[in-house]
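# Remarks on the overall topology
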Amino acid sequence: QQQVKQSPQSLIVQKGGISIINCAYENTAFDYFPWYQQFPGKGPALLIAIRPDVSEKKEGRFTISFNKSAKQFSLHIMDSQPGDSATYFCAAGSFRGKSNTGKLIFGQGTTLQVKP
Amino acid sequence: EPEVTQTPSHQVTQMGQEVILRCVPISNHLYFYWYRQILGQKVEFLVSFYNNEISEKSEIFDDQFSVERPDGSNFTLKIRSTKLEDSAMYFCASSEAEAGGTYEQYFGPGTRLTVT
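Presented here is an overview of the structure given in this document. The structure presented is a predicted model; accordingly, all values stated were derived computationally and were not measured. (Residues numbered from 1 in each chain as written. Chains lettered and ligands numbered in written order. Predicted model: local features only at pLDDT ≥ 70, side-chain atom pairs only at ≥ 80, totals over all residues. Heavy atoms only, no water.)

### Concerning the pairing of strand β9 (residues 86-92) of chain A
All names here are of chain A.
- Of all 7 residues in β9, 6 are buried; the element is thus mostly enclosed.
- The sheet contact formed by strand β4 (residues 33-38) and β9 spans 4 bridges and is antiparallel. Opposite Gln 38, over in β9, you have Thr 87 as the bridge partner.
- Note that β9 and strand β11 (residues 110-115) share 3 bridges and pair antiparallel. Across the sheet, residue Tyr 88 finds its bridge partner in β11, namely Thr 110.
- Two strands pair when backbone bridges link them, and β9 and strand β10 (residues 105-106) are joined in this way by 2 bridges, in the antiparallel orientation. Bridging from a neighbouring strand, Ala 92 pairs with Ile 105 of β10. (Buried < 20%, exposed > 50% of the residue type's maximum accessible area, 1.4 Å probe, protein only. Helix = DSSP H or I, 4+ residues; strand = E, 2+ residues; numbered from the N terminus. Pairing = 2+ DSSP bridges.)

Written out as structure tokens, the structure is:
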């Protein structure tokens, strides 16, 4: 029930195209859903995050879509650029209640390659 | 821009030796975390720390592991007797996460631990 399932495992997109990565969760106690970008040898960098009270959040070329009833959320990268080539992780966490400490459960990751 | 820092960037140790990984979280943050990432795999939660005590730990965080906040700025992870399977990237993260604050967790650059 603590798992977060992410797909696809890898993705190749042409420059200027849209990259879409999907995640699904089971635990309805999750109330925070961030996306992280990771370059080789670096730590995960927070990209964008959403709370379940909204269905969409956009920051620049990055958009999170959230479907609470389906327990799914996705990352859309518009106008994908070669510099976006990295591994993307979705995650889920919760701070509700004293027993929830905000730990993040990560998806398996998606390796994105944007071809010039 | 404030950031989480970690030292050393790479630690090589022999099986059975003790290692201490160090982190300096962002100064006004209240929640601290350690995660690990085995090469090519997802990021896994190890432990969360709040108000000078462990608030949650995973199954991975057994008696060989301990955490400490020895002063107002450092946060350490100690592995008492390293095993080959402890070889991984270890990430420290911190979050402001006060009521009315944000849940965002910011990760450090990581320490690559190699156990030989």
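### Focus: the packing of aromatic side chains
- As enumerated under the stated definition, the model contains 23 aromatic pairs over all chains in all.
- When the ring of Tyr 31 of chain B is compared with that of Tyr 33 of chain B, the centres are 6.4 Å apart and the planes differ by 15 degrees; the resulting orientation is stacked. Side by side, Tyr 31 of chain B and Tyr 33 of chain B carry an identical accessibility label, which is buried.
- Note on Phe 91 of chain B and Phe 107 of chain B: the rings are 6.4 Å apart at their centroids and 70 degrees apart in plane angle, and the pair reads as edge-to-face. Here the residue Phe 91 of chain B occupies a position in strand β9 (residues 88-95), and Phe 107 of chain B occupies one in strand β10 (residues 105-107), the gap between them amounting to 16 residues.
- Taking relative accessible area as the criterion, Phe 91 of chain B reaches 0% and is therefore assigned buried.
- Using a relative accessible area of 10% as the deciding quantity, one classes Phe 107 of chain B as buried.
- Connected via pairs of aromatic rings, a cluster forms that spans Tyr 36, Phe 89 and Phe 106 of chain A together with Tyr 31, Tyr 33, Tyr 35, Phe 45, Tyr 50, Phe 91 and Phe 107 of chain B. (Phe/Tyr/Trp six-rings, centres within 6.5 Å; stacked < 30°, edge-to-face > 60°.)

### Quick notes on the interface of chain B and chain A
- Chain B puts 21 residues into the contact, and the matching count from chain A is 21 residues.
- Between chain B and chain A, roughly 1,900 Å² of surface is buried when both sides are summed, and carbon and sulfur atoms account for 59% of that area.
- Together, Lys 42, Tyr 103 and Phe 107 of chain B form the three largest contributors to the area buried by chain B at its contact with chain A, with a combined 37%.
- The interface formed by chain B and chain A includes 1 salt bridge.
- When the shortest N-O distance is used, the salt bridge between Lys 103 of chain A and Glu 56 of chain B registers 2.7 Å.
- Where chain B packs against chain A, one counts 5 residue pairs in polar contact (both at pLDDT 80 or more).
- When contributions to the side of chain B that touches chain A are tallied by element, the ones reaching two or more residues are β4 (31-37), β5 (43-50), β6 (53-57), β9 and β10 of chain B.
- When residues of the side of chain B that touches chain A are assigned to their parent elements, the largest contribution, 4 residues, is made by β4 of chain B.
- Among the residues making up the side of chain B that touches chain A, the classes are represented as 12 nonpolar, 6 polar and 3 charged. (Contact = heavy atoms within 4.5 Å. Buried area = accessible area lost by both parts, 1.4 Å probe. Salt bridge = Lys/Arg side-chain N within 4 Å of Asp/Glu carboxyl O. Polar contact = N/O pair within 3.5 Å; in protein donor to acceptor, adjacent residues only side chain to side chain. Nonpolar A, V, L, I, M, F, W, Y, C, P; charged D, E, K, R; others polar.)

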